Each structure stands twice: as structure tokens, then as C-alpha cells.
Amino acid sequence: MAELCQPAAMQAIAAKLDIKVTIGKLPSEEQPGPFLEGGTRFTPARGDLPAYCQVTGSFVTNPTTGKTANFLATLPISWNRKYLQLGCGGHCGTFAVSDAASPTITITNQGKPGDSIRKGYASFATDEGHAGFTQGKWAIKGPGEISQDYLDDYLYRSQKVLAMMGKEFTTAFYAKASGTAQKIAYSYFCGCSGGGRDALVAAAYFPEAFDGIVSGSPYANLANLAFLTTGASLATVRSPDAGLPASLVAQINPLVMAKCDAVDGVKDGLIQNPMACDFRPEKDLPRCADNKPGPSCFTQAQIESVSTVLTAATDKEGRVVQPGYSVSELQNSLMLPPANAGTANPWPDTGNPATGATNGMALLGDTVIRIFSHRNDPKFETTSVLSFGSGGTGPVTGFRVIAPATEVARANAALRMGIGDIPKNAARLIKSNHKMILWVNLSDHLLTPYMSVNYYKDLAKTFGGYGKLHKNIRMFMLPGTAHCSGGGIGEGPGSFDALSAIEAWVERGQAPDSLPATLYKANQFGVDFKQPLGRTMPLCKFPEMARYSGEGDVKDGANWSCVPGDKGMLRIGESGRQAGVID
């Protein structure tokens, strides 16, 4: 393999593929790489990790225009005859979370670093047609003009073409390495966040390409989410006393815990179902005397700012556009003000909100509305379509973001091929009897988990109820866990082996009823697998909720169980109702 893992040898293999592939080093904007000289690198075995070859380059996604996307392949020395496609993150332009040899792969693939290499998977990933982790600059051609070619690659096309190219490359490579042609036995797709969206899009538009799909905390509907995130950010600057310092936001969760921790039957620092809480900012946050800002109280404007995060965004008729966020472990990252408040471009494109860029998720939201939907119209400003209000005749009455139905429809039409939570689009996956696992972080500080909850409930209504849906699609909720189980937020065990679970279901017919999860200490890559923090928990298939036995250490998963037929996750309190969670 060391001899084969050379640029000339790889290009010779690539030259025979149906899709044009060029082996080469990734562009410098593709941080953090990997930057392989000539486009290849052989890594000898070390410890329990077998030797593997990594390959980078580009492949043509649109033969008519010659549009390309970059790719990264990781090819272990001992192939298990399985193919694994890895999703991206955010608006992509990077392999930061899709490099199978990097510690950050656990964000996308769960399990532990190097698992897919140890198992023998040939894995492929793409930057989705642009280099650099900016949110929309790559799509701009000029004032009032964007590249549909680039947008299509991001929304769906690069992943669809990669599924064909990656499989052909895999079989050609191992045929050359072994001297014997072998077919791929099973194909899988795994992703979280933007990669979770990629997974749902694959399930909707090309499910035949994968026997099993895993979608974690998906950026399911980037169109609808954009109105909530930009609105929540704008709310913090709508008056001088509307902003929330991090020190004040930190005082919210203890109040939530005091009211909601025991709702699931045990007071253990973990809220199993935050939808069942009755916490509301207008009733439960301490108000400042005379409405003057203070270090441990909230003005009316600050209470309303919190409400825009926890309450569903609606249209002017009160119809839910986008569910609000979970009340558990509420984070300051959801209430960041615009970096350039009061200007035509309040949310400048400063990089990745998952790693601390200013503007938070509003950065992605502004890109979706202003660039993708309004095609970089220099006369359009996202703030012009956002307003606020409360009351109404619908179930959502809290102070909230309001967006015109026409704007919501426009964004959904412009981005339809990249939207993953359209229930009827799961029909092809179900008809082909392929499998999908959804997993959702209930204290997600970047994407509301209720996007996935509403999607799954709609799936059940569309396809005959939870019993029938469980034959092909199962969802698992992770209470008290951060976005993509990145650690550092909440007390919930967030690390589990998603790849082994989908393997067992697809290959041996062992559908997962529960998934064992472990809590680890957070580090710069997500979590430190050498430092378990002594808490385990079974993750139950929705709508079941994990139940404590009443005896033994509450931190020991052996004292918890998933009870067949339990419907604990269907319970909705005022928190869930105002967040727009559907029945």
C-alpha cells in the first residue's frame, strides 16, 4: 500500500474512473487540512490503529460547466468491503469534522477517534464545492448575482456525485492493491449538524446509495432556522437595555433546574424531557425593580430577548415557522448581538460560529436570507423582514420573532434541495427498506433539537405511526448534551457508538431499542475519551424516555432503562408549547 499511496499511482487509478478526478493538495483555504504533498500520504500502523492511505484532490460535479468539489479519502490497509461517506459542518468548505484520521471525527461519526479506520472502512468526504469555512462569500458572483452551480454543490449535488465517485474509487483502489476485484458489501452515511443535514438530504434524494444513514443534530431546515437566529440576535439590540451579558445568561439555568429537574421523576441535574417543563421567561425570571438593569435581575426587554430564543418564530398569522430552542442549559451563544448593529450588514461573515466566531448562528441565518434567498441583492437587508410581537390566537403567544410568510416561502423554494425535514421525502428510503438513525442533543447550543422532534412526529403521522416508522427510522434523544455531543454543556452522557448501531441494524437486523452513552470530560476536540466522568445512561428510541429504577446511583446507566411502549417524550408543558413543539 505504501507504494500505491503515491500521487502518480493514485492518478493512474483516478484516470480510469467514470467521473473526472484530479489528485492533488488541498487549497490553503481548506483549514485545517490535511495538506498532503502531491495529494497522498501513507501512515504506518501505530498502536491499535492499522496503516492507511489518505488521498485528496478534486472531482467534477457538473460535467456541463466543469464545476468541481474537493474530496478527502481515507483507505485502510485492511478493507472490510464497506463504504462510509462523512458529512460536513455548517456551510462547509472544510474537512475539519470529516477527516477520519482526526480526533474531531467523533463530532461527525460519534464512537471514538480512529474507529472507522480500525473497522476497515474506506471513507470519503467533500468540501461541498468551495474552500474555506465562510458562510456565503463563495456563492457570490457580484451585486445581485450568485452562482447556482456553487449553491447546488453545497445543497446536495457534491454529496450525490461523491457517492458515485467514492464507491468507484474505492473498488478500483482495492482491486489494484489486492489484484482481485471486490464489490462493496455495505454503504453508510454519517454526519452531524451540517453533516446531519447532508444525511437527511441523502435520505430524501438518493437513499438508494446507502444501506444505512446516521443523522445527528441536523441543520435540518436552514431556510426556516435563519429567521429565528437572525431575529433572536437582532432582539438584543432593539433597545439599550435588551442585551444580555454572559454573566446574566448564566443565572438562567439554575432557575430552570429548580423548576424542571424533577419533572422526569428524579432530581439528578439532568432534564430528560425539557419539552415537558413549564418554565417561561416572562413568569420565572426575576425582574429588575423599576426596570433598571442589574447584575442579578432582568429588564422587560431582556426577558423578551430570552423569549425570542425559547419561543417559536411565527409568521404574522401565528403559524410556526421555526421551533424555539430547548430551555435546558441555555447558552449565551444563542443571544449574541450583531457585530455591526445598525448597519446594512449587521452580521459580517467572520468564520465558524461553532468555534467562537462573532454573530453566532445569525451569521449563517443572514447568509441564507440575504445571499441564498435574495441572491445578494444590494438593496435588500435581512433586518427589513424581521419584526417582533406577542399574543395571537394560536398556541404560541410568547414574545417572539415574526417573519412574513412570503419571505419564508421564498427561502424554502430557493433552498429546497438542501432541506432535509420534508416528511414525504422519506418515502424512497422507507420503500427501499433502508435504515436511518437520528440522534438529537437536547441542550444543543447551536441548533434547536425541536426541528428534529417536529420532523420525526410528522414522519410518524405520514407513515402510519411510530410502530411502523420504527421499522426504518428511529430517533434517540440525548438530554443535557451540547451540539454534536461536543462536551462542556450539561450533565448528560453524549458519546455512543452510532456506526456499530447502524451496522447491527442493517447487516444483522438488530434494530436499536436503546444506545449506551457515556459522559466524558470536554477538550478542544470535543471530549477526552481517557477521562470518563462517571456517568452513563441508556438513550431511548423516541418517544420512550429513560426511567430511573429508584434504587442505586443515578449516574450509573445500569439503574436506568428504556421501557417498551413508554411515551414520556410526548409530554409537552408550557416550555415545549411556546417553543412550537407539535402534538
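(A) Structural context of the overall build of the protein. For the protein, the helix and strand inventory stands at 17 helices and 20 strands. At 23 Å, the protein has a C-alpha radius of gyration in line with the 25 Å of a compact globule built from 583 residues. Seen through its C-alpha atoms, the protein measures out along the principal axes to roughly 80 × 65 × 45 Å. Within the protein, the fraction of its 583 residues that count as buried is 61%.

(B) Region of interest: the packing of aromatic side chains. Scanning the model with the defined rule gives 20 aromatic pairs in all. Their ring planes at 20° and their centres at 6.2 Å tell us that phenylalanine 71 and phenylalanine 124 sit as a pair that is stacked. On the criterion of sequence distance, the pair formed by phenylalanine 71 in strand β4 (residues 67-76) and phenylalanine 124 in strand β6 (residues 122-126) is long-range, its members being 53 residues apart. This pair shows no difference in class: phenylalanine 71 is buried, exactly as phenylalanine 124 is. Site record: aromatic cluster; members linked through ring pairs are Phe59, Phe71, Tyr83, Phe124 and Phe169. Across from the ring centre of tyrosine 150, 4.2 Å away, lies the NZ or CZ of lysine 67, which sits over that ring. Its guanidinium or amino end placed over the ring of phenylalanine 388, arginine 238 lies 6.0 Å from that ring's centre, counting from NZ or CZ.

(C) Just the side chain of arginine 157, in detail. Note that arginine 157 resides in helix α4 (residues 148-178). Judged by relative accessible area, arginine 157 falls into the buried class, the value being 11%. For arginine 157, the side chain forms a polar contact with the side chain of aspartate 149, separated by 2.8 Å.

(D) Here's a closer look at the environment of histidine 434. Residue placement: histidine 434 occurs in the loop between α13 (427-431) and β15 (435-441). Classification of histidine 434 as buried rests on a relative accessible area of 14%. Spatially, the C-alpha atoms of histidine 434 and valine 506 are 7.6 Å apart, while their sequence positions differ by 72 residues. Setting aside residues up to four positions removed in sequence, histidine 434 forms contacts with Pro207, Glu208, Phe210, Asp211, Leu429 and Asn472. Side-chain polar atoms of histidine 434 contact the backbone oxygen of phenylalanine 210, separated by 2.6 Å.

(E) Spotlight on the packing of helix α1 (residues 7-14) against α4. Relative to each other, α1 and α4 sit at 125°, their axes nearing to 10 Å. By the angle class used here, α1 and α4 are oblique. Where α1 crosses over α4, the two elements pack in a sense that is right-handed. Every residue of α4 that contacts α1 at Met10, Ile13 and Ala14 is listed here: Phe169, Ala172, Phe173 and Lys176. Residue composition of the contact of α1 with α4, by class: 6 nonpolar, no polar and 1 charged.

(F) Quick look at the state of the cysteines. The tally for this structure, following the rule as stated, stands at 5 disulfides. The disulfide that involves cysteine 5 links it to cysteine 53, with 2.1 Å between the sulfurs. The disulfide joining cysteine 5 to cysteine 53 has a torsion of about 85° about its S-S bond and is therefore right-handed. Residue cysteine 5 is located in the segment before α1, and its partner cysteine 53 is located in strand β3 (residues 52-62); the two are separated by 48 residues in the primary sequence. For cysteine 53, a relative accessible area of 0% translates into the label buried. Here cysteine 540 is linked by a disulfide to cysteine 562, with a sulfur-sulfur distance of 2.1 Å. On the S-S bond that ties cysteine 540 to cysteine 562, the torsion sits near -85°, and the link is left-handed.

(G) Representation of the pattern of salt bridges. Counted according to the given criterion, the structure contains 24 salt bridges. One salt bridge connects aspartate 284 with lysine 259, and the closest N-O pair in it is separated by 2.9 Å. With aspartate 284 in helix α9 (residues 281-284) and lysine 259 in helix α8 (residues 252-260), this pair connects stretches of sequence that are 25 residues apart. With relative accessibility at 38%, the residue lysine 259 sits in the partly exposed group. One continuous salt-bridge network, built from bridges that share partners, spans Lys67, Asp149, Asp153 and Arg157.

(H) View of unusual backbone geometry. Omega for the bond connecting glutamine 31 with proline 32 falls within 30 degrees of zero, at 5°, which places this linkage in the cis form. The residue proline 32 is located in the loop between β1 (21-23) and β2 (40-43) in this model. Even without a glycine there, the phi angle at arginine 81 is positive, about 65°. The phi dihedral of glutamine 110 is positive, around 55°, even though this residue is not glycine.

(I) Helix α14 (residues 450-462), seen in detail. The end-to-end C-alpha distance of α14 is 18 Å, a good match for the 18 Å that 13 residues give at a rise of 1.5 Å each. Every buried residue belonging to α14 is among Tyr450, Met451, Ser452, Val453, Asn454, Tyr455, Tyr456, Lys457, Leu459 and Ala460, and all of these are buried. The inward-facing, buried residues of α14 contact α5 (194-205), α6 (222-235), β12 (320-322), β15, α15 (466-469) and β16 (473-478). At the exit of α14 stands glycine 464, carrying a positive phi of roughly 95°.

(J) Summary view of the side chain of serine 485. Among the secondary structure elements, serine 485 is positioned in the loop between β16 and α16 (498-508). Look at serine 485 and you get buried, because its relative accessible area is 9%. A polar contact of 3.1 Å, which involves the side chain of serine 485, links it to the side chain of asparagine 441. For serine 485, the contacting residues outside a window of four places in its chain are Gln110, Trp439, Asn441, Leu478, Gly494 and Val527.

Rules used in this analysis
Residues numbered from 1 in each chain as written. Predicted model: local features only at pLDDT ≥ 70, side-chain atom pairs only at ≥ 80, totals over all residues. Heavy atoms only, no water. Helix = DSSP H or I, 4+ residues; strand = E, 2+ residues; numbered from the N terminus. Rg over C-alpha atoms; globule rule 2.2 N^0.38 Å. Buried < 20%, exposed > 50% of the residue type's maximum accessible area, 1.4 Å probe, protein only. Phe/Tyr/Trp six-rings, centres within 6.5 Å; stacked < 30°, edge-to-face > 60°. Lys NZ or Arg CZ within 6 Å of the ring centre and 35° of its normal. Polar contact = N/O pair within 3.5 Å; in protein donor to acceptor, adjacent residues only side chain to side chain. Contact = heavy atoms within 4.5 Å. Axes fitted to C-alpha atoms, helices over the stretch in contact; angles between N-to-C directions. Parallel < 35°, antiparallel > 145°, perpendicular 65-115°, else oblique. Left-handed = near helix turned anticlockwise from the far one by under 90°. Nonpolar A, V, L, I, M, F, W, Y, C, P; charged D, E, K, R; others polar. Disulfide = S-S within 2.5 Å. Salt bridge = Lys/Arg side-chain N within 4 Å of Asp/Glu carboxyl O. Expected span 1.5 Å × (residues − 1).

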